[in-house]
Amino acid sequence: MINKIGSLWESFQEEVGLLEKQADVLNLKAKYIGKKGLISEVMKGLKDASIEEKKLIGPKSNEVKKNIETSIQEKLKDIQIKEMNEKLEKEKIDFSVRDSNLDLGLNSGGIHPVHQIQRSIEDIFLSMGFEVLDGPHIETEHYNFEALNIPETHPARDMQDTFWFKDKAHLLRTHTSTIQIRGMEERKPPFAFVGPGKVFRCERIDATHESCFHQLEGMMVGENINTGHLIYFMKTLLKEIFQKDMEVRLRPGYFPFVEPGFELDIRWKKPDPKDEDARHSGWLELLPCGMVHPNVLKAGGVDPDKYTGFAFGLGLDRLVMVNYKMDDIRYLHKGDLRFNTQFSHF
Amino acid sequence: MLISLNWIKDFIDIPESENIHDLANKFTMTTAEVEEVKKVNAHLDIIKVVEITEIEKHPEADKLNLVTFNIGDSTARVVCGAPNVKPGLKVPYAAIGTVLPGGFKLEPKKIRGILSEGMLCSETELGLGDGSSGLMELDAGATLGQSLKEYLNQSSDTLIDVDNKSLTHRPDLWGYYGIAREFSAIYKTPLRDSFNSDWVSSVESKFNDQAAPKNIKVDPSSSCLGFWGVSLENIKVEKSPQWMIDRLEAVGLRAINNIVDISNYVMMELGMPMHIYDRDQIKGDITIKLASDGDKFTTLDEVERSLVATDTLISDDEKGLVLAGVMGGSSSGVNESTKNIFIEVANWKAEEVRKTSTRLGLRTDSSTRFEKSLDLNLCYRSLLRAIEIVFKVCPEAKIVGKPVYDGQKIDDTRQEIKTSVKYINKILGLELSSDNIKEIFNSLDFEVSGDDQLHIKVPTYRATKDIQGQHDLAEEIGRVVGYDTIPIESPKLAVNPVRLTPYKEIERKVQDFMSLNAKSLEVLSYPLVGEKLLKKSSWPDLNVDLQLVNAISVEQDRMRPSLIPSFLEMAAVNAKNFSNFSFFEWGRSYLPNTEKFFEERNIVGLLNYSKTENKFIDTLNSTEKFLNFLGLNYKIQKSSKRPNPLVAANWKGLHPDEMVDIVVRGQTLGAAFSVHPMVLRDFKIKGKISMLMLDLTDFCKKKTTKTHKYSAISKFPSSQFDCTVLVPVGSAADECLSVSKKLKNKDLLSLKIVQVFALNEEFNAVTLRFNFGNINHTLEASVIKSYEEQVMSELEKIGFKLKV
């Protein structure tokens, strides 16, 4: 009898494998494990079996019934999946047609490259405890010149071609150094801030000159701030921008609002060691900086006998151009989106 | 400024082994930026004397010869077309690799199939004059293989070109003696005391007791600080000696004659400009006084200049002679027939010279130097140096009497500044010893006393403007020690939290939202615009109050009153390239203000363009999401009675219908609108443009934060109810939403439009979805039923019929 049950399981497996329709599967289920199914048929002979046999047959028949039930359920699921897949096949979409290869016009968004670099530099300084300030574009002579130790008669006024308004008292700021004064006026030392923003120069526009461009000013004032600290922050800044240690050099530079004043150059190209004539070349002038002139501290309401500080300026447009190897500064303000989209986020 | 190293070597010994590039680099690192290093006549060092030994005809060309020549220890052959080749002639030879004047480098080259090993040269090719086209013929006795420089006995000089801007603050560096002093500090080698008291006495010994022929009168109101003059006679004007010509020409000055060249020579050497007159052209005495408005004066360059009352003029009894500190006149200059001269060495107020030269647009070597504030004490030394050289180039010359002077009292007392070793080290971040510091000061001619507390006496030539306080002294030490010796370290400061300012925070929110959510590209437009653009945009306000006086172009001659015209201009550029696009700017508009003169407003502008579609709804959707993102409660209002500060009602660019005001906290802060096709046509834009202009100035000062409120989520199901009403065509579909207020039903959770369907010419069918629910219990079917009835009756009451 046990053998009979075993062979039923085998014949079931053969039969179920051949079926493809739900109804046939349900019929097969009835055929084997229905009330009048083949298993029940065999079990009718149980009464004639020996006690030992009975002990074995009971569990065996239950096991086979369970297996058949599981197998039926699996088979039904397979059939449903198959049906669903047939339906899905009919609903098929062509997912190769995506935005990225559709003509949707211009479908990208992004921040202007100057502002991208500006933001990353702001964040570098923010992480080092510097605030981020700005001020008005239209300024008075006081903030743009006098307070920065550039009196009217100073030859340094020649170095900056200034846009003037009709009242002869207002002008467009020629540098973000105006933010130094405004920043100092509102603070008590020690403090540190950077001030990015637009500046204006009365210059003919060409591939390397703009009448409107962007600077980032920085200042730190405290009781014992020295030139070594200035170099520390500049080196840190450059390391963060270029993601590697940059070789820098500090040489004398003249700016009326700092004393001592420096030009900070970065090593941009390693010179050929064989070329004796070029061993001092490969420097790129990047950052005018210096120790804040006592007159400037005074103009900002800071006692120069007690406090010292450093200040620096950075040309953001220049940095963008160096970074992306751009050859024409005019693209920055042109608004030709064929340019802007090259820097988009997506 | 070009600096001649030969000249510098008059005053200082530079170590022989020093490479010129190292020298230039040291100057850059210590004093001022060297832009270029140039060797004068470097090619003459390489070009050799050769003797022609053999001439053959070029087989391929009639006019060319193959010329073989002897260099001394070897021979070479070139292809040569010069007519004067003959055996035995000695000529200059430039080998391959030589760079000739004009930058032409000789490369190995075949001429008509035959290799030429360099070139035999003419005078013109060597930059030695405009000789004939033939080869330069050298003396028969010339040594073969000798360099042409040796043959010509030419001095070789090296020039370093220093950026003038980096000398702005250093009047003492506008003469080579001052430059030599810097090198003396750099190389720790003494500066020759060429102008000491012995030297002064030796020149003064030429003075005599004759009466000075010209008196000088300086009006104290003029720009004159002091005026020295001396008369000389028995002058013979001729070509300057070669050494003087060489020096002047090496640094780019044209040699004229022995007398005029002296003034340039002394100016280059000592940094003090001077003027030499033909004394016979001076009628009577010399007066220095302010000009009168409208005075005319013809300068040396034959241009008649109109003077103003702040210009100072040097005049004789009849006429103006020199425009003080700027340029001489055409009438009193030295010429070939000059016999008697008058040398003027004067000093002028820097600001006044600058004013005059700027006004006249006349920048000269002289005005450039006076503008830097020269030292009055330098005048007398320069005068003596000029006299010394006159005797050198014109030995028969005689002084008439002695120099005369008028002007401020000459004071050579050195200004004293107190500083300390501690202060200098504190500023620089160094730990220099007192001796080290004192040594550097001494090398720069500063007198020092004291040990820790230092008393520094500043040389008069550094005290005119440059050195004013102890910070300036710190710079002197820093630059000579070398800034690269400063240890780099972080300051030790208290750590405090830092936050972005509200302005920065808004800026970043604008950039983030617009780029990521509105899928827009950030642009930067010029804050400066021109009348043409404003008119093209039909912008009603030309912003004439914020016009510049010195604009570079009419396209950028005033501040923009709005971002809109610039946006239209940019859209026109891009509409040619894209079927649709979106850009934004976080920029400022500039408005006149009677009290503060101006007002800057921080504006976010968004522009959406499509060739075919209407982007107004997209623009409004972005607007609403953006205001939510900022956490601002707002109202979008159509046809408000208040004027909108961002777009004037009379602006022709406004679409007649697609225009809403954005009201935040009771104030109209923005506008969203489509641009009128007429204005688009003026910009030749085909398609549709919608814009948002939002003024966020008020939120740049105080932080705005989006606040989120929590409420418990109901555990009981809510119930939806849809109904469709008829809304007349031309009315806003959202008008029927006002029913929610009428209902006053606390269980109404939301009411939204599901769809709008154009039913017929008269009505649109608007399907509304009401969602009812209660936090505490499930709404009974009967309650819902009653709500539905309530909805329908209220809708009827406010005039919306149900669609049956």
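Residues numbered from 1 in each chain as written. Chains lettered and ligands numbered in written order. Predicted model: local features only at pLDDT ≥ 70, side-chain atom pairs only at ≥ 80, totals over all residues.

Colleague: Would you mind showing me how to read the overall build of chain B here?
Modeller: If you tally the helices and strands in chain B, you get 21 helices and 39 strands. In terms of C-alpha radius of gyration, chain B reaches 42 Å, well past the compact-globule figure of 28 Å for 804 residues. For the C-alpha atoms alone, the extent of chain B along its principal axes is close to 130 × 80 × 60 Å. Looking at chain B residue by residue over its 804 residues, the buried ones come to 40%. Within chain B, counting contacts between residues at least 6 apart in sequence, those at least 24 apart form 71% of the total. (Helix = DSSP H or I, 4+ residues; strand = E, 2+ residues; numbered from the N terminus. Rg over C-alpha atoms; globule rule 2.2 N^0.38 Å. Buried ≥ 20, exposed ≤ 12 C-beta atoms within 10 Å, placed from the backbone. Contact = placed C-beta atoms within 7 Å.)

Colleague: Looking at this structure, how should I read the pairing of strand 37 (residues 748-758) of chain B?
Modeller: Within a regular strand, the side chains alternate between the two sheet faces. Residues and elements named next belong to chain B. As paired elements, strand 37 and strand 38 (residues 763-772) share 9 bridges and run antiparallel to each other. Bridge pairing links Val756 to Val766 in strand 38. The loop that links strand 37 with its antiparallel partner strand 38 comprises 4 residues. (Pairing = 2+ DSSP bridges.)

Colleague: Is there a simple way to explain the environment of Ile14(B) in this structure?
Modeller: All names here are of chain B. Mapped onto the secondary structure, Ile14 falls in the loop between helix 1 (5-8) and helix 2 (20-30). It is 9.5 Å that separates the C-alpha atoms of Ile14 and Ala180, two residues lying 166 residues apart in sequence. Other than its neighbours up to four places away in sequence, Ile14 contacts Lys9, Leu23, Phe183 and Tyr187.

Colleague: Teacher, can you tell me more about the interface of chain A and chain B here?
Modeller: In many reports, interface size means the accessible area that the parts give up when they come together. Taken together, the 74 residues of chain A in the interface contact 79 residues of chain B. The class makeup of the residues in the side of chain A that touches chain B is 30 nonpolar, 28 polar and 16 charged. (Nonpolar A, V, L, I, M, F, W, Y, C, P; charged D, E, K, R; others polar.)

Colleague: Even after reading the chapter, I still don't get the domain arrangement of chain A, so can you show me in this structure?
Modeller: When the domains of chain A are assigned, the result is domain 1 (2-90) and domain 2 (113-343). A straight line from the C-alpha centre of domain 1 of chain A to that of domain 2 of chain A covers 85 Å. (Domains from an automatic or database assignment.)

Colleague: Can you walk me through the domain arrangement of chain B in this structure?
Modeller: Domain annotation for chain B reports domain 1 (2-41 + 157-187), domain 2 (43-152), domain 3 (197-407), domain 4 (415-485), domain 5 (502-699) and domain 6 (719-802). On a C-alpha basis, the centroid separation for the pair domain 2 of chain B and domain 5 of chain B is 72 Å.

Colleague: Just to check I follow, could you spell out the sheet that holds strand 26 (residues 453-458) of chain B for this structure?
Modeller: Consider a sheet: its strands pair through backbone hydrogen bonds, and that pairing is either parallel or antiparallel. Residues and elements named next belong to chain B. Pairing is antiparallel in the open sheet, where 3 strands are placed in the order 24-26-25. Pairing within the sheet leaves two strands with one partner each, and these edge strands are strand 24 (415-420) and strand 25 (447-449). On average, each strand axis in the sheet is inclined to that of its neighbour by 25 degrees, with strand direction left out of account. Note that strand 24 and strand 26 share 6 bridges and pair antiparallel. Within strand 26, the position partnered with Gln415 by the bridge is Val458. Packed on one face of the sheet, helix 12 (residues 421-428) meets strand 24 and strand 26 and runs near 70 degrees to strand 24. (Axes fitted to C-alpha atoms, helices over the stretch in contact; angles between N-to-C directions.)

Colleague: Before we go on, may I ask you to explain the sheet that holds strand 23 (residues 398-407) of chain B in this structure?
Modeller: Residue and element names in this part refer to chain B. Pairing is antiparallel across the open sheet formed by 4 strands, whose spatial order is 15-22-14-23. Bordering the open sheet on either side are strand 15 (275-278) and strand 23, each of which pairs with just one other strand. If you compare each strand with its neighbour and ignore which way they point, the axes differ by 20 degrees on average. With 4 bridges joining them, strand 15 and strand 22 (residues 341-348) adopt antiparallel strand pairing. From the neighbouring strand, Tyr277 faces strand 22, where its bridge partner is Phe342.

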